[in-house]
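Okay, here's what each chain looks like letter by letter:
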Amino acid sequence: MSLYKNQNIQLYNSLTKQKEPFTPIHEGAVGMYVCGPTVYSNVHMGNCRTFLSFDLVFRYLKHLGYKVRYVRNITDAGHLENDGESGDDPILKKARIEQLEPMEVVQKYTVDFHETMAKFNALPPSIEPTATGHIIEQIAIVEKLIKEGYGYEKNGSVYFDVVKFNEDHAYGKLSGRQLEDMITNTRELAAQSEKKNPQDFALWKKAEPQHIMRWPSPWSEGFPGWHLECTAMSTKYLGETFDIHGGGMDLKFPHHECEIAQAEASNHKSPVNYWLHANMLTLNGKKMSKSTGNNILPGELFSGENDILKKAFTPTVAKFFMYQAHYRSILDFSNDALEASEKGFNRLMDALHSLAEISTSENSSLDIATWKQACYDAMNDDFNSPILIAHLFEGAKYINALKEGKETISATDLQELSTTMHAFIFDVLGLEDTQAGGDEAAEKLSGAIELLIELRNKARANKDFATSDTIRDELQEVGIQLKDGKDGTTFSLS
RNA sequence: GGCAUCAUGGCCGAGUGGCUAGGCAGAGGUCUGCAAAACCUUCUACAGCGGUUCGAAUCCGCUUGAUGCCUCCA
């Protein structure tokens, strides 16, 4: 019996601007597409937030027993800034700066992306297709769009006729824009443009002589327009209509709007049932961005080598921090907020470790079943991780009370409490128990400290407090804190 | 300029008409040789002004402020 039969998800659909009950096209199976990174530089924390938001969605759907096909692309084809009219291709630009072949640039940053996501303990998607690997599919869509009358060729480039599309479709329905307003408000001078209207976008762009990334096509040696790859790859792997399409809020317009236009014009049907948009991670109150430099890289966060934070933070703490805010809210990245999350996270982990020390009774004084469902209700309500985490802290409070003997619990309920805590913390949130240690060096250190604790306890028993306090204080100096508890002394590395 | 979104206690951050999350910090307590740690308790907020309502942080209007998109960006 799959969990999803009893847990009803409501999710916020950007297209309808409201929460809707989630019903997949095929019962028990979910198709989800998420726009991945453009690999011309290291992913920054802002990029990571989006991918971690959808990792949570992926993990929760899987937890509920759905068979999920999660497709997240790698944009490795160079696209021009300014809609292909002029400007630079970021991948080519980077290749020049680093004196690398464009595909070397792509490889380098794809590897970085994968390593980073692995550090965050994000699950890899089911399929991770690349734009350059799907040129043929993209050309096929362009041909189809021309045939349907929505694409027109000019000097070897092909553009999408937004005005024509808008005559019998609603261009702008996702981002809440009216084409008339866009035309009225446009500042662009249409003088030297190949496009019929400034709102039109490139489907295929003829390569200038200096443009290295190029492929043959019926129209010219060139490269695909920037919105095409997602339409091609989502259609190929998930079908003409699929369940969930996700991405960062900043992709809503024009990227996702154009995806809808391309799909509707070529397939005559709406491509996506539920559009999900993750909100931005800000720094100093401003959106993190590759181009403006207002960002922090994961590596800088983990090492502590940056001007923003006072100390280093582990990937799991950073993730926990992000999940303490809802994915649709803007979240500001700051040292104080991270420190607060770190302390909270450690408290949660301590409680989890205490589970083993709880003894059971005949009856429970706690209502574990209700608490458990509250955890599910939180996630069912548009993946509300902050509420879930609040309930997990409630669970931690239960554990502490049980440990103190202030509450009682039956063996069945204890099992339920433990399973639920573990399921949400590790399977759904994908957090990692960094205190668990386990490597050889850590074990040796642990043995040495145990010895010191023993010596200190002997000194204390003999009321030789000078010795015992020296041990305690010197260890504190090197970053090892002793914690005297009721059942003996433990330690933690700070 | 256009289109959106947001404004919550010392800080971070949920919550969308009455039952008033959670974390951090602060305060008090338990424990302890002392301390730290840990645990417990506690602090009761919703930008301003007006309106709707028996009742609004939550709905409507205006004002102020911030942010996002309209150029590549998660």
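Residues numbered from 1 in each chain as written. Chains lettered and ligands numbered in written order. Predicted model: local features only at pLDDT ≥ 70, side-chain atom pairs only at ≥ 80, totals over all residues. Heavy atoms only, no water.

The next subject is the packing of helix α1 (residues 45-63) against helix α10 (residues 315-323). To describe two helices that pack against each other, one gives the angle between their axes and the distance between the axes. Closest axis-to-axis distance for the α1/α10 pair is 11 Å, and the angle between their directions is 75 degrees. Regarding the angle of α1 to α10, the classification is roughly perpendicular. Together, M45, R49, L52, S53, D55 and L56 of α1 and A318, K319, M322 and Y323 of α10 make up the contact between the two elements. (Axes fitted to C-alpha atoms, helices over the stretch in contact; angles between N-to-C directions. Helix = DSSP H or I, 4+ residues; strand = E, 2+ residues; numbered from the N terminus. Parallel < 35°, antiparallel > 145°, perpendicular 65-115°, else oblique. Contact = heavy atoms within 4.5 Å.)

Their axes nearest at 11 Å, the elements helix α13 (residues 385-403) and helix α14 (residues 411-428) cross at an angle of 145 degrees. Considering the relative orientation of α13 and α14, their crossing is left-handed. Contacts from L388, L392, G395, A396, I399 and L402 in α13 reach L417, M421, F424 and I425 in α14. In the contact of α13 with α14, the residues fall into nine nonpolar, one polar and no charged. (Left-handed = near helix turned anticlockwise from the far one by under 90°. Nonpolar A, V, L, I, M, F, W, Y, C, P; charged D, E, K, R; others polar.)

Turning our eyes to something else, we now look at the protein's contact with RNA strand B. Near RNA strand B you find 61 residues, and of these W226, G248, L251, K287 and R472 are the closest. The contact atoms of RNA strand B, taken as those within 4 Å of the protein, divide so that sugar and phosphate hold 62%. The separation between a base nitrogen of RNA strand B and a polar side-chain atom of T50 is 2.7 Å. Interatomic distance of 2.6 Å between a backbone N/O atom of M288 and a base nitrogen of RNA strand B. Counting residues per element, the surface near RNA strand B draws most heavily on α13, at six residues. Residues belonging to the surface near RNA strand B are distributed by class as follows: 21 nonpolar, 23 polar and 17 charged. (Near = heavy atom within 4 Å. Polar contact = N/O pair within 3.5 Å; in protein donor to acceptor, adjacent residues only side chain to side chain.)

Another aspect to go through is the domain arrangement of chain A. Segmentation of chain A into domains returns domain 1 (3-278), domain 2 (282-434) and domain 3 (437-493). Relative placement of domain 1 and domain 3: their C-alpha centres are 55 Å apart. (Domains from an automatic or database assignment.)

A few words on the pairing of strand β14 (residues 480-485). Relative to strand β15 (residues 488-493), β14 is paired through six bridges, and the arrangement is antiparallel. Bridge pairing links I480 to L493 in β15. If you look at the hairpin formed by β14 and β15, you'll find two residues sitting between the two strands. (Pairing = 2+ DSSP bridges.)

This paragraph deals with α14. Here α14 is 18 residues long and its end C-alpha atoms lie 24 Å apart, about the 26 Å a rise of 1.5 Å per residue gives. Listed as buried for α14 are L414, L417, T420, M421, A423, F424, I425 and V428. Along its buried surface, α14 packs onto α1, α11 (335-354), α12 (368-380) and α13. Positioned one or two residues after α14, G430 has a phi angle of 65 degrees, which is positive. (Expected span 1.5 Å × (residues − 1). Buried < 20%, exposed > 50% of the residue type's maximum accessible area, 1.4 Å probe, protein only.)

A word on the sheet that holds strand β3 (residues 29-34). As summarised here, the arrangement of the four strands in space is β4-β3-β9-β10, forming an open sheet in which the pairing is parallel. The open sheet has two free edges, formed respectively by β4 (67-72) and β10 (272-278), since each of these has just one partner strand. Along the sheet, successive strands turn relative to each other by an average axial angle of 20 degrees, direction set aside. Strand contacts of helix α7 (residues 228-238): β3, β4 and β9 (242-248), with the helix running at about 165 degrees to β3, the strand carrying the most contacts.

Scanning the entire structure with this criterion turns up 22 salt bridges. Note that E98 and K94 form a salt bridge whose closest N and O atoms lie 3.7 Å from each other. Linking E98 with K94, this pair stays in helix α2 (residues 90-98), spanning four residues, or about one helical turn. A relative accessible area of 22% means that K94 is categorised as partly exposed. Measuring nitrogen to oxygen at the nearest pair gives 2.6 Å for the salt bridge that ties K236 to E137. (Salt bridge = Lys/Arg side-chain N within 4 Å of Asp/Glu carboxyl O.)

The final tally for this structure, using the stated rule, is 20 aromatic pairs. Aromatic side chains Y60 and F383 sit 6.3 Å apart centroid to centroid with 85 degrees between the ring planes, which places their arrangement in the edge-to-face category. Of this pair, Y60 sits in helix α1 while F383 sits in the loop between α12 and α13, and the two are 323 residues apart along the sequence. Considered together, Y60 and F383 belong to a single accessibility category, that of buried residues. Over the ring of Y152 we find K196; its NZ or CZ atom is 4.6 Å from the centre of that ring. K290 extends its terminal NZ or CZ atom over the ring of Y40, reaching a point 4.8 Å from the ring centre. (Phe/Tyr/Trp six-rings, centres within 6.5 Å; stacked < 30°, edge-to-face > 60°. Lys NZ or Arg CZ within 6 Å of the ring centre and 35° of its normal.)

One open sheet accounts for four strands, arranged β5-β6-β7-β8; its pairing is antiparallel. Edge positions in the sheet fall to β5 (151-154) and β8 (222-224), since each of these pairs with one other strand and no more. Each neighbouring strand pair of the sheet contributes to a mean axis angle of 20 degrees, computed without reference to strand direction. For strand β6 (residues 157-160) and strand β7 (residues 201-206), the ladder comprises three bridges, and the chain directions are antiparallel. Within the sheet, the bridge partner assigned to Y159 lies in β7 and is A202. Sheet contacts for helix α4 (residues 135-148): β5, β6, β7 and β8; angle to β7, the most-contacted strand, approximately 120 degrees.

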